[in-house]
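# Residue-level structure breakdown
If you want the building blocks of each chain, they are given just below.
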Amino acid sequence: MRSPLVCDSAEMEELLIPIIERLEKKDFDLPPLPQIANQVLALITDPEANSSQLTKLIKKDPVLTAKLLKTANSAGCGASRQIETVEQAVAWLGLNFVAGSAFALSFQSSVFNDRGYEAEVKGLWAHAIATGFYAKALAGMIGQNQDVVFLCGLLHNIGKPFVVHTVNEYHTTSTSPLPWATIFSLMDQSYVEVGRQLADEWNFPSPVKEAINLHQPHSFHLATDPAKGAALTCLAKHLATYHVDSVSMTPEMVLALPVTEALKIPHDVMDSIFGIKALIHAQIDSLLI
């Protein structure tokens, strides 16, 4: 971790010290992974898993089933006809994509306390979903495992909503929330370590753990997993930033990134990636709660 935050006032520093100390000591009160999300994750990592197991699991939760069918019928998934059952969704979209989508839908709605920062946390999820879909598209174009890389991108910043959760746990009696700029600074210096702890606690797949730990521009080259999840996530998160703000992150800036060069992605492939912005937008809408 970097050094503690430099706060704008002594009062603000006093408010943040307990949070910073808890993060630096790795003394986290980790929430349990939702049962359905945990079971879906187990299927994702089981090479013997089949579509029947997944459909039975999802159908145990009527709310999740409804959300998944809405996702399957969204413009982002491009279904050619109305999908009315989980079985049809799996047949059209594939077992791993449906499993990853079910995990994302279950996870978003039931894990972290984001009271007071709902809009901001929704923005974090939108960026994570965009990262997942850009990573998936990149993986497909260079012959990597799309489903594994999708999860890497989706979960790379899972430590960020947990920082918000921790703030809320410490300030349950506060009359006003801390400014989002302060929370954002705290997230920036701690989310990778927090995410690593969460990934270990929840037993994420090893490629996802590596991507969480090594997706940053200064560390992606240290990754060793053959799926290239860390490097693809690094590039995809810049593409996600380009998606929401093409002024601060232009296509030219993306092409000049060291990770783009390291992955040896041809310019025509990158041109194709820049051309799917509307599709990515529809895919974000399909998974964002």
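Everything below is about the structure shown above.
Summary of the structure given here. (Residues numbered from 1 in each chain as written. Predicted model: local features only at pLDDT ≥ 70, side-chain atom pairs only at ≥ 80, totals over all residues. Heavy atoms only, no water.)

Time to look at helix 10 (residues 180-201). An α-helical segment advances 3.6 residues per turn. Residues three or four places apart therefore align on the same side. Over its 22 residues, helix 10 extends only 27 Å from the first C-alpha to the last, a length that falls short of the 32 Å expected when each residue adds 1.5 Å. At Ser-190, helix 10 shows its maximal bend, which comes to roughly 60 degrees. Taken from the residues just after helix 10, Asn-203 is the one with a positive phi, measuring 55 degrees. (Helix = DSSP H or I, 4+ residues; strand = E, 2+ residues; numbered from the N terminus. Expected span 1.5 Å × (residues − 1). Bend = angle between axes of the 7 residues up to and from the residue.)

Two elements in contact, helix 4 (residues 62-72) and helix 5 (residues 86-93), have axes separated by 10 Å at closest approach and are oriented at 40 degrees. Between helix 4 and helix 5, the interaxial angle falls into the category oblique. Taken as a pair, helix 4 and helix 5 cross one another with a handedness that is left-handed. Contacts between helix 4 and helix 5 involve Thr-65, Leu-68, Leu-69 and Ala-72 from the former and Val-86, Ala-89 and Leu-93 from the latter. (Axes fitted to C-alpha atoms, helices over the stretch in contact; angles between N-to-C directions. Parallel < 35°, antiparallel > 145°, perpendicular 65-115°, else oblique. Left-handed = near helix turned anticlockwise from the far one by under 90°. Contact = heavy atoms within 4.5 Å.)

To describe a pair of aromatic rings, you give the distance between the ring centres and the angle between the ring planes. Evaluated as defined, the whole model comprises 5 aromatic pairs. Judged by centre distance (6.0 Å) and plane angle (45 degrees), the ring pair of Trp-202 and Phe-204 falls under tilted. Residue Trp-202 shares its accessibility class with Phe-204, and that shared class is buried. Among the aromatic side chains, those forming a connected cluster through ring pairs are Phe-103, Trp-202 and Phe-204. Lying over the aromatic face of Tyr-191, Lys-160 brings its terminal NZ or CZ to 4.6 Å of the ring centre. (Phe/Tyr/Trp six-rings, centres within 6.5 Å; stacked < 30°, edge-to-face > 60°. Buried < 20%, exposed > 50% of the residue type's maximum accessible area, 1.4 Å probe, protein only. Lys NZ or Arg CZ within 6 Å of the ring centre and 35° of its normal.)

Among the structural elements, Phe-112 can be located in the loop between helix 6 (95-110) and helix 7 (118-142). For the pair Phe-112 and Val-164, spaced 52 residues apart in sequence, the C-alpha to C-alpha distance is 8.1 Å.

On to the side chain of Ser-106, then. Along the chain, Ser-106 falls in helix 6. Take Ser-106: its relative accessible area is 10%, and that puts it in the buried class. With sequence-adjacent residues up to four places away left out, Ser-106 is seen in contact with Pro-34, Ile-36, Ala-37 and Leu-64.

Within the secondary structure layout, Glu-210 lies in helix 11 (residues 206-214). For the buried residue Glu-210, which engages in no salt bridge, the nearest side chain bearing the opposite charge is Lys-228, 9.7 Å off. Filtering out sequence-adjacent residues up to four positions away, Glu-210 remains in contact with Ala-223, Thr-224, Asp-225 and Ala-230. (Lys, Arg positive; Asp, Glu negative; His and termini not counted. Salt bridge = Lys/Arg side-chain N within 4 Å of Asp/Glu carboxyl O.)

Right, let's talk about unusual backbone geometry for a bit. The phi dihedral of Asn-203 is positive, around 55 degrees, even though this residue is not glycine. As for its position among the elements, Asn-203 is in the loop between helix 10 and helix 11. The phi angle at Lys-228 is positive, at roughly 60 degrees, despite the residue not being glycine. Structurally, Lys-228 can be placed in the loop between helix 11 and helix 12 (229-244). With relative accessibility at 41%, the residue Lys-228 sits in the partly exposed group.

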